[in-house]
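Residue-level structure breakdown
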Amino acid sequence: MPAGLACRGDVEQDARPLADFAFRRDVTLFLLSQDEQDATLVRRLLAPSRLTESLVWHRHLRDARLLSSSRGAPVCILVGSTPVGQSLSDVVRWIRRRAPRAAVLLLGGTNKQTATKPHVGITPLAGWVQGWVDHRRTAPHEFRREIWLALQRAHRDTAPVTVRVEELIAQDSALLERGLLPDVTLRGDGFTTGLHYAPGRSHALLGGDFCDVVQAEDSTVHVVMGDVSGHGAAEAALAVHLRLAWRTAVLCGQSQLGQLRLLERILVDERPDEDTYATVVSLVFPPHGRSIRMVSAGHPGLLHRHSGKVSWVEPQPGIALGLFPGRGDWSETEMALADRDSVVLFTDGLYEGRTAGGRLGEEGLLRLAAQYAHLEPQAFVDALVRGASLLAAPFGGLLDDVAVLHLGWNRPGRV
């Protein structure tokens, strides 16, 4: 028997589809037939079931541009008398291009020269349709049963393909997102970076947090970290826009204040709604290694690692981007660095998690960081994130995006 077509012997072994589909209220039926008698017969066979209400009849293919229902709902397409000049094969191919997941049920008594009865022999439509029924001789309950069986076969036939397609889409998305993540590794070994980046959204690689590091020709290191409000795909896309815009501004020689003004213009133009804003902090590490210049737009403070100790540093505060466009009051803060000092930037997702003593908060994060003050940069970052995650685990874990970036010159006595 050709694959995809049903014979009477299938009824017993395919009894389950009645349980799977018969009680669904979102099933949509399409009838493609130029013969009004087909429509009359089909309506009579469906009555008094609710399928009568879901039936949509189209005489011509041009009238059936959208052979679909709500996303994920079962669709069965009944094919009767084909238009003059079009074969049944042409019609089924047309359907398959537009509704690959739909069940296709051929109605008997028409186009018999093309649609051979399934128990007779091979048909060119084998594998393309889920059944054949003579609607002129079939009892109503048998007709409805054939529809349920066709829906079940369509689900069985397309489910593995659907899973594979979804896997390929997920792989492509992961490759794309991974390509949009920054590479904070710099040339040479004079400057050390450590990074942790984890979006709060499930099954995603990108979130609304962003960070980047650029080393200029004179060895000056430029750093940015930001956090776009919200947690959706639109916020993640905006974060990518802002990161790439910042990198371009740095490479074009714009000052830190100029960079923030540019980022705010882009945020206002690209944000998904007027309530979206972003906190940003920008750092510049001159090649002499004795200081850093910081500009903050509403971003949290940072950790300063010095002589085996960790302290909290707050740059001069400023308004977050997008809250009051054009009215940014940002200013530079300069902080001295000793040999082998380093700083750690992070987004608030690191310390906003709930713990047994309430929110971890800035003080809790500082106490946690002090426990790992002896560790090397990447190990310090990993331990800090792991510690915050363990404290929050009994209460749902860290639910927001988390970005942590460890930065510092690792050669003493730079000149």
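Residues numbered from 1 in each chain as written. Predicted model: local features only at pLDDT ≥ 70, side-chain atom pairs only at ≥ 80, totals over all residues. Heavy atoms only, no water.

Moving on to the overall build of the protein. Within the protein one finds 10 helices and 17 strands. Counting every position in the protein, which comprises 415 residues, the buried fraction comes to 50%. Considering only contacts within the protein whose residues lie at least 6 apart along the sequence, 73% involve residues at least 24 apart. Split by element, the accessible area of the protein, about 20200 Å² in all, is 52% carbon and sulfur. (Helix = DSSP H or I, 4+ residues; strand = E, 2+ residues; numbered from the N terminus. Buried < 20%, exposed > 50% of the residue type's maximum accessible area, 1.4 Å probe, protein only. Contact = heavy atoms within 4.5 Å. Areas by Shrake-Rupley, 256 points an atom, 1.4 Å probe, with all protein chains shown as cover.)

Here we take up empty space enclosed by the protein. Overall, the coordinates contain three cavities of 30 Å³ or more when judged by the stated rule. The computed volume of the largest cavity comes to approximately 80 Å³. Together, 12 residues line the largest cavity, and Tyr197, Leu206, Asp209, Phe210 and Arg243 are the ones closest to its centre. Sorting the residues of the lining of the largest cavity by element identifies β7 (209-215) and α7 (233-251) as the ones contributing at least two each. (1 Å grid on protein atoms, 1.4 Å probe; cavity = no way out; pocket = protein on both sides within 12 Å on 5 of 7 lines; lining within 4 Å. Points joined across faces, edges and corners; volume = space filled by probe spheres on them.)

Turning to the sheet that holds strand β10 (residues 291-297), a few remarks are in order. An order of β7-β8-β9-β10-β13 is seen for the five strands of this open sheet, with the pairing classed as antiparallel. Of all the strands in the sheet, the pair left with one neighbour each is β7 and β13 (332-336). Going across the sheet, the axis of each strand differs from the next one's by a mean of 15°, ignoring polarity. Both strand β8 (residues 221-228) and strand β9 (residues 278-285) contribute to a ladder of eight bridges, which runs antiparallel. Paired with histidine 222 across the bridge in β9 is valine 284. Against the sheet, α7 contacts β7, β8 and β9, and its axis sits at roughly 20° relative to β7. Its contacts with the sheet put helix α8 (residues 256-270) on β9, β10 and β13, and the angle it makes with β9 is roughly 155°. (Pairing = 2+ DSSP bridges. Axes fitted to C-alpha atoms, helices over the stretch in contact; angles between N-to-C directions.)

Here five strands make up an open sheet; going across it, the order is β2-β1-β3-β4-β5 and the pairing parallel. Whereas interior strands pair on both sides, the edge strands pair on one side only; in this sheet they are β2 (55-58) and β5 (131-133). The average angle at which neighbouring strand axes cross in this sheet is 25°, direction not considered. Sheet topology note: the strand β1 (residues 28-32)/strand β3 (residues 75-79) ladder contains five bridges and is parallel. Each residue of the ladder has a partner; that of leucine 29, found in β3, is cysteine 76. Packed onto the sheet, helix α3 (residues 36-46) meets β1, β2, β3 and β4 (103-107) and runs at close to 170° relative to β2.

In this section: the side chain of threonine 138. Note on placement: threonine 138 falls in the loop between β5 and α6 (140-180). At 2.6 Å, the side chain of threonine 138 forms a polar contact with the backbone oxygen of aspartate 134. (Polar contact = N/O pair within 3.5 Å; in protein donor to acceptor, adjacent residues only side chain to side chain.)

Attention now goes to the pattern of salt bridges. Evaluation of the coordinates by the stated rule reveals nine salt bridges. Linking glutamate 36 and arginine 59 is a salt bridge whose minimum nitrogen-to-oxygen distance equals 3.6 Å. Separated by 23 residues along the polypeptide, glutamate 36 in helix α3 and arginine 59 in the loop between β2 and β3 bring together distant segments of the chain. Accessibility expressed as a relative area gives 36% for arginine 59, which makes it partly exposed. For aspartate 212, the salt bridge identified is with arginine 243, shortest N-O distance 2.9 Å. Highlighted residues: aspartate 212 in strand β7 and arginine 243 in helix α7, separated in sequence by 31 residues. For aspartate 212, a relative accessible area of 0% gives the class buried. Take arginine 243: its relative accessible area is 7%, and that puts it in the buried class. Overlapping salt bridges, with partners in common, bring together Asp35, Asp38 and Arg136 in one network. (Salt bridge = Lys/Arg side-chain N within 4 Å of Asp/Glu carboxyl O.)

Across a regular strand the side chains alternate sides, sitting on one face of the sheet and then on the other. With eight of its eight residues buried, β8 lies for the most part within the structure. Residues Val221, Val223, Met225 and Asp227 point to one face of β8 and His222, Val224, Gly226 and Val228 to the other, with burial holding for every one of them. In this structure, β7 lies alongside β8, joined through seven bridges in antiparallel fashion. Residue pairing across strands places cysteine 211 opposite methionine 225, the latter belonging to β8. Between β7 and β8, which follow one another and run antiparallel, lie five residues, and serine 219 among them has a positive phi close to 80°.

On to the side chain of serine 342, then. Looking at where serine 342 falls in the secondary structure, it is placed in strand β14 (residues 342-346). In this view, serine 342 contacts Leu303, His304, Arg305, His406, Leu407 and Gly408; residues no more than four positions away in its chain are not counted.

Further remarks concern the packing of aromatic side chains. A complete count under the given rule lists five aromatic pairs for this structure. For the pair phenylalanine 346 and tyrosine 351, a centre-to-centre distance of 6.1 Å together with 85° between the ring planes defines the contact as edge-to-face. Side by side, phenylalanine 346 and tyrosine 351 carry an identical accessibility label, which is buried. Here arginine 305 stacks its cationic end above the ring of phenylalanine 380, 4.1 Å away from the centre of that ring. (Phe/Tyr/Trp six-rings, centres within 6.5 Å; stacked < 30°, edge-to-face > 60°. Lys NZ or Arg CZ within 6 Å of the ring centre and 35° of its normal.)

What follows is about the confidence of the model for the protein. Of all residues in the protein, 78% attain a pLDDT of 70 or more, and the chain-wide mean is 81. Per-element averaging of pLDDT across the protein places helix α1 (residues 10-13) at the bottom with 37 and β9 at the top with 97. This stretch, residues 1-23, has a pLDDT under 50; its non-local contacts, to residues over four places away or in other chains, come to 54 contacts. Residue range residues 110-123 is modelled with pLDDT below 50. Its contacts to residues more than four positions away, or to other chains, number 28 contacts. (pLDDT = per-residue confidence, 0-100.)

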